[in-house]
Amino acid sequence: MMSTNRVFLIMDEQEEKHDQPWSSYHIETSKRLEVIQERLQTTGLYADPRIEKLSRREASEEEIRGVHTERYVKDVKETETMTKQQQEQFCTKYEDIFVNSATWKRAKLAAGSAIDLVTAVTSHKMPGIAFIRPPGHHAMPDEGCGFCIFNNVAIAAKETLRNGTAKRVMIVDYDVHAANGTQECIESMGENVRLISIHRYENGTFWPNMPQTGIYHNYKNTMNLPLNTTALNDSDYLALFTYIILPSINSYKPDVIIVSSGFDASLGDPEGYMNVTPAGFATMIRLLMNTGIPVAAILEGGYFLEALAADSEWVLRAMLGEPIPQIKLEIINPSIADTVARILSHYQHTSSFFQKLQELRSILGHKLIREEKQDLNDYKGQRTVHPPYDTRGIYTPFSEEKVNSYKRELDSLLQSYQVIEETCDTGSYFIRAESKNEIENNSLVIQNGKLSIGPGKVAKLFFELAFLSSVTPHINLCSFLDVDDKDFSSIRFGDGFANFKDIIDFQKSPILQL
């Protein structure tokens, strides 16, 4: 049965193409949007009556200057009439960007489309996605960076606050690169905007090689979830969502969630070297939607074109409420366990949920990290590039053999998605008490080899976040908007909870590995 969910969609038609005008191989090209549009047309999604297409518009200079400096906006505007040689010379001032005569218009269209998508999603409480470029999350107030001209997400957040459709905005960035630009752009917006960024970090040795993209930094509005190894998969990302991102959203209670939806953590991507599948991206979006908070996704990276197209399709299907493929649940990578443990330690004073997770981990016999002053620096990198920046020879394509290998792996995955089984029988995982007579309202206990939870809303949500969402990520977080973070302090763990690890249904649960 077809879902009746409706979704907003903005697709940049690219009448003029923002492409590198000088001859040198580059991974960020207009072909990225072309393959997405082709995929949506081939699958019938582009013409689906459940999808409401929004018109594109160019952001005004005033809207852009809400985030970027007047000098920088003026400089980008002047590239429209430059010669190719002047455009390349302009780009030596900024790290890894390119411009051509179409860039000024396309960058304004990207920013304006982001504003209008977020405004529509927030106003109508309906999800939406914008497939636009150039991307934006590396662009800082006074400079472009990393393919990004204007910071589309930050501009959209600022305008959504200004036009009054939202009072609080949460940005979730799962692009494989750090949202360093967004981090800087939102710092002046106060408590009205928060950012959570998952990204490849490798102790600061991976681009952009900045100390501010680790766990320990001085940016008040940003929480970083740095990844210190590659080849991470759906289960690894799911652990970050269930233990850190969803509880943080519950604590903050934003009016809208803006997703910097970069797909370069995908299987086969030449930038990420990660293994997130189309089902993994769809699951992350579905988890965010299950909070009951409107979700607006805006395209960032993604450079393995076949995966980019498939990821985009399945994120859109997730937004439509269609059944999505079950991810393969695996033991999480030790580096993910370390990142989660350090986040819990560093931020536990800000979150009752985090404090309860720490208490639970202690009961389960985990050694808790105690932060010492000398340990509050996870940065071992250094900035190795400086202006004038190189504009050529930065990227080398994968061999044809390697690309074909990734294509075969992706095709095999997509074939497995043809039959989707919705297995969401949560009753086998626990015993739900019906009244206080059976078990205290917000207690969790082990009874007869099963997890028993009290009838309270707080116990239900804690159970869903801490245990159930890691093994059945398709659940609806029914209590999400009804429970405040401070309420988690009422949770009580009953006798015998150390035996939780013996319950077969939960033996792959990340909580046992943290």
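Keep in mind that this is a model prediction, so the values were computed, not measured.

Next up on the list: the environment of Leu-225. Among the structural elements, Leu-225 can be located in strand β6 (residues 222–227). Accessibility expressed as a relative area gives 0% for Leu-225, which makes it buried.

Examined at the domain level, the protein chain breaks down into domain 1 (7–362 + 377–417) and domain 2 (427–512). Using only C-alpha atoms to locate each centre, domain 1 and domain 2 end up separated by 33 Å. Considering only the surface of domain 1 that becomes buried against domain 2, Tyr-243, Lys-356 and Leu-360 emerge as the three largest contributors, covering 22% of it. On the surface where domain 1 and domain 2 come into contact, there are one salt bridge. The partner of Asp-484 in a salt bridge is Lys-253, and the shortest N-O contact between them spans 3.9 Å. Joining domain 1 to domain 2, the criterion identifies eleven residue pairs in polar contact (both at pLDDT 80 or more). Put simply, the parts of the chain that give the side of domain 1 that touches domain 2 at least two residues each are α8 (234–252), α9 (278–289) and α12 (352–363). Broken down by element, the side of domain 1 that touches domain 2 gets its largest block of residues, nine residues, from α8. Here the residues of the side of domain 1 that touches domain 2 sort into 16 nonpolar, eleven polar and four charged.

Below, the discussion takes up the nonpolar core. By size, the foremost hydrophobic cluster in this structure holds 109 residues, and its most contacted members are Leu-451, Phe-462 and Phe-467. When residues of this core are sorted by domain, at least three fall in each of domain 1 (7–362 + 377–417) and domain 2 (427–512). Among the nonpolar cores identified, the runner-up in size contains 49 residues, and Leu-117, Val-169, Ala-179 and Val-193 belong to it.

Turning our attention to the packing of α8 against helix α11 (residues 334–347). Orientation of α8 relative to α11, taken along the N-to-C sense of each, is 15°, at an axis distance of 10 Å. Looking at the two axes, α8 sits roughly parallel to α11. With respect to the hand of their crossing, α8 and α11 are arranged in right-handed fashion. Judged by residue contacts, Asp-236, Ala-239, Leu-240, Tyr-243 and Ile-244 of α8 engage Ile-336, Thr-339, Val-340, Ile-343 and Leu-344 from α11. The residue makeup of the contact of α8 with α11, split by class, is eight nonpolar, one polar and one charged.

We now examine the pairing of β6. Burial analysis of β6 places six of its six residues in the buried class, which makes it a mostly covered element. Burial along β6 is two-sided: the face carrying Thr-222, Asn-224 and Pro-226 and the face carrying Met-223, Leu-225 and Leu-227 are both buried. Bridge analysis of strand β5 (residues 193–200) against β6 gives six bridges, and the strand direction is parallel. Of the residues in β6, the one forming a bridge with Ile-196 is Met-223.

Moving on, we come to the pairing of strand β7 (residues 256–261). The element β7 is largely enclosed, with a buried count of six among its six residues. For strand β4 (residues 169–173) and β7, the ladder comprises five bridges, and the chain directions are parallel. Within β7, the residue paired with Ile-171 across the bridge is Ile-258. In this fold, the crossover linking β7 to strand β8 (residues 295–299) by way of α9 has right-handed handedness.

Applying the stated criterion to the full structure yields 37 salt bridges. Here Lys-407 ties to Glu-306 by a salt bridge, and the two come within 3.4 Å at their closest N and O atoms. One end of the pair, Lys-407, is in helix α13 (residues 400–416); the other, Glu-306, is in helix α10 (residues 305–319), and 101 residues separate them in sequence. A single network of salt bridges, built from pairs that share partners, joins Arg-39, Asp-48, Arg-50, Glu-313, Arg-317 and Glu-322.

What follows covers the sheet that holds strand β1 (residues 7–11). Read from one edge to the other, the open sheet built from eight strands follows the order β2-β1-β3-β8-β7-β4-β5-β6, with strand pairing classed as parallel. A strand with exactly one partner marks an edge of an open sheet, and here the two such strands are β2 (51–53) and β6. Strand-to-strand twist across the sheet, computed as the mean angle between neighbouring axes with direction ignored, equals 15°. Most of the contacts of helix α5 (residues 103–124) go to β8, to which it runs at about 165°, and overall it touches β1, β3 (128–131), β7 and β8. The strands touched by α9 are β4, β7 and β8; relative to β7, the strand with the most contacts, the crossing angle is about 170°.

Thresholds applied
- Residues numbered from 1 in each chain as written.
- Predicted model: local features only at pLDDT ≥ 70, side-chain atom pairs only at ≥ 80, totals over all residues.
- Heavy atoms only, no water.
- Helix = DSSP H or I, 4+ residues; strand = E, 2+ residues; numbered from the N terminus.
- Buried < 20%, exposed > 50% of the residue type's maximum accessible area, 1.4 Å probe, protein only.
- Domains from an automatic or database assignment.
- Buried area = accessible area lost by both parts, 1.4 Å probe.
- Salt bridge = Lys/Arg side-chain N within 4 Å of Asp/Glu carboxyl O.
- Polar contact = N/O pair within 3.5 Å; in protein donor to acceptor, adjacent residues only side chain to side chain.
- Nonpolar A, V, L, I, M, F, W, Y, C, P; charged D, E, K, R; others polar.
- Core = buried A, V, L, I, M, F, W, Y, C linked by side-chain atoms within 4.5 Å.
- Axes fitted to C-alpha atoms, helices over the stretch in contact; angles between N-to-C directions.
- Parallel < 35°, antiparallel > 145°, perpendicular 65-115°, else oblique.
- Left-handed = near helix turned anticlockwise from the far one by under 90°.
- Contact = heavy atoms within 4.5 Å.
- Pairing = 2+ DSSP bridges.
- Right-handed = clockwise from strand over helix to strand, strands pointing away.

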